[in-house]
Protein chains: 2
Amino acid sequence: MQTIDYDQIFSGRELVPAIVQDDATGEVLMLAYMNRESLRLTIETGTTWFFSRSRQKLWNKGETSGNKQTVRSIWLDCDADTILIKATPAGPACHTGNRTCFFTQLQ
Amino acid sequence: MQTIDYDQIFSGRELVPAIVQDDATGEVLMLAYMNRESLRLTIETGTTWFFSRSRQKLWNKGETSGNKQTVRSIWLDCDADTILIKATPAGPACHTGNRTCFFTQLQ
């Protein structure tokens, strides 16, 4: 385990991509972006928080739908510029109702 | 299955994040960035190609190390701005020798 070095992760960038994976099934559910504050809130609340690039605001996944994601563990990649969150979803990750946002297979 | 609409994926952006997941184990191995050409090469060659932001050039994962990733399927998320690649890795994904780049657990 490593103490979170926010300055390392957010050095020279406001946002980093965060992958959410179902802790039980291994399914990749979604990718969204985190800023310093959303990472802090994710750790503090134990549910996933992101920063919406289109709406330019923080959002707590599932706040409206009820499909919150309970964080089980947080991982950082070797470059310290991508976050992987293993979580237990209370329902579908996708706003379309699909379990995962990655439901479209390309040829 | 959907035919790839490069204009949709790369509309208004040069790069999209691509998550690589081990097709057999479900482990998330790495995240790198793809431009139009690297997605085309990935499909054409059946191995993963990315665009390095620091070196500003295309790279074929495993070209030097031998640890190529054989593509099993390619998925697009609901916003069409993130790619998920399920692949069979010939060896460690990480340049550190770790199987996955996400080997650092945060508190």
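Fair warning: this is a prediction, and the values are worked out from it, not measured in the lab.

## Considering the overall build of chain A
Consideration 1: Scanning chain A from terminus to terminus reveals 2 helices and 7 strands.
Consideration 2: Overall, chain A shows an N-to-C arrangement of helices and strands of α-β-β-α-β-β-β-β-β.
Consideration 3: In terms of overall dimensions, chain A is globule-like: its C-alpha atoms have a radius of gyration of 13 Å, near the 13 Å expected for 107 residues.
Consideration 4: Classification of the 107 residues of chain A by burial places 50% in the buried group.
Consideration 5: Sequence separation of 24 or more characterises 42% of the internal contacts of chain A that already satisfy a separation of 6 or more.
Consideration 6: By element, 45% of the accessible surface of chain A is carried by carbon and sulfur atoms, the whole surface being about 5,000 Å².
Consideration 7: Averaging the coordinates of the 11 positive side-chain charges in chain A and doing the same for the 12 negative ones gives two points 7 Å apart.

## Some thoughts on the relation of the copies chain A and chain B
Consideration 1: In the superposition of chain A on chain B (RMSD 0.0 Å, axial shift 0.0 Å), the rotation amounts to 180°. Within this description, the copies of the chain are treated as partners about a two-fold rotation axis. Closest to the rotation axis within chain A is the C-alpha of A:Gly26, separated from it by 2.6 Å.

## A look at the packing of aromatic side chains
Residues and elements named next belong to chain A.
Consideration 1: Following the criterion strictly, the structure yields 2 aromatic pairs over all chains and no others.
Consideration 2: When the ring of phenylalanine 50 is compared with that of tryptophan 59, the centres are 5.2 Å apart and the planes differ by 45°; the resulting orientation is tilted.
Consideration 3: Tryptophan 59 sits in the partly exposed class, given a relative accessible area of 21%.

## Focus on the interface of chain A and chain B
Consideration 1: Facing 33 residues of chain A, the contacting portion of chain B comprises 32 residues.
Consideration 2: When chain A packs against chain B, close to 3,300 Å² is buried across both sides, 67% of that on carbon and sulfur atoms.
Consideration 3: When the buried area of chain A at its contact with chain B is split by residue, A:Phe102, A:Gln105 and A:Leu106 rank highest and sum to 23% of it.
Consideration 4: Across the contact surface, chain A and chain B share 2 salt bridges.
Consideration 5: A:Arg53 is the partner of B:Asp81 in a salt bridge, and the nearest nitrogen-oxygen pair spans 3.4 Å.
Consideration 6: Where chain A packs against chain B, one counts 10 residue pairs in polar contact (both at pLDDT 80 or more).
Consideration 7: Put simply, the parts of the chain that give the side of chain A that touches chain B at least two residues each are strand 1 (16–22), strand 2 (28–34), strand 5 (69–76), strand 6 (83–89) and strand 7 (104–105) of chain A.

## Section: the pairing of strand 5 of chain A
Consideration 1: Burial within strand 5 of chain A is extensive, with 6 of its 8 residues counted as buried.
Consideration 2: One ladder, built from 7 bridges, connects strand 5 of chain A with strand 6 of chain A; its direction is antiparallel. The residue of strand 6 of chain A that forms the bridge with A:Ile74 is A:Ile85.
Consideration 3: What sits between the antiparallel neighbours strand 5 of chain A and strand 6 of chain A is a turn of 6 residues, in which A:Ala80 has the positive phi angle 55°.
Consideration 4: One ladder, built from 2 bridges, connects strand 5 of chain A with strand 7 (residues 104–105) of chain B; its direction is antiparallel.

Calculation rules
Counting from 1, residues in each chain are numbered in the order their sequence is written. Naming scheme: in the order in which they are written, chains are lettered from A and ligands are numbered from 1. Predicted model: local features are reported for residues with pLDDT of at least 70 only, side-chain atom pairs are reported and counted for 80 or more only, and whole-chain, interface and lining totals are derived from all residues. For side-chain calculations, the full set of non-hydrogen atoms in the structure is used, while hydrogens and water are omitted. Segments assigned H or I by DSSP are reported as helices when at least four residues long, segments assigned E as strands when at least two residues long, and all are numbered from the N terminus. Here the globule rule is a power law, 2.2 Å times the number of residues to the power 0.38, and the radius of gyration is based on C-alpha atoms. The rule is simple: take the accessible area with a 1.4 Å probe, protein chains only, and divide by the maximum for that residue type; under 20% is buried, over 50% is exposed, in between is partly exposed. Here, two residues are considered to be in contact whenever any of their heavy atoms come within 4.5 Å of each other. Here, Shrake-Rupley sampling with a 1.4 Å probe gives the accessible areas, and only protein chains in the shown set may cover a residue. Note that His is not counted, nor are the chain ends; the positive residues are Lys and Arg, and the negative ones are Asp and Glu. Each charge is placed at NZ for Lys, CZ for Arg, CG for Asp and CD for Glu. Superposition of the copies was done by least squares, using only C-alpha atoms of residues whose pLDDT is at least 70 in both. By convention, a stacked pair of Phe, Tyr or Trp rings (six-membered ring in the case of Trp) has centres within 6.5 Å and planes under 30 degrees apart, an edge-to-face pair has planes over 60 apart, and any other such pair is tilted. Summed over both partners, buried area is the accessible surface (1.4 Å probe) that two parts give up on being assembled. Each salt bridge in this description consists of a side-chain nitrogen of Lys or Arg and a carboxyl oxygen of Asp or Glu lying within 4 Å of one another. Think of a polar contact as two N or O atoms within 3.5 Å of one another; within protein, one of them needs to be a possible hydrogen donor and the other a possible acceptor, and neighboring residues in sequence only count if both atoms come from side chains. Should DSSP find at least two bridges between two strands, the strands are regarded as paired.

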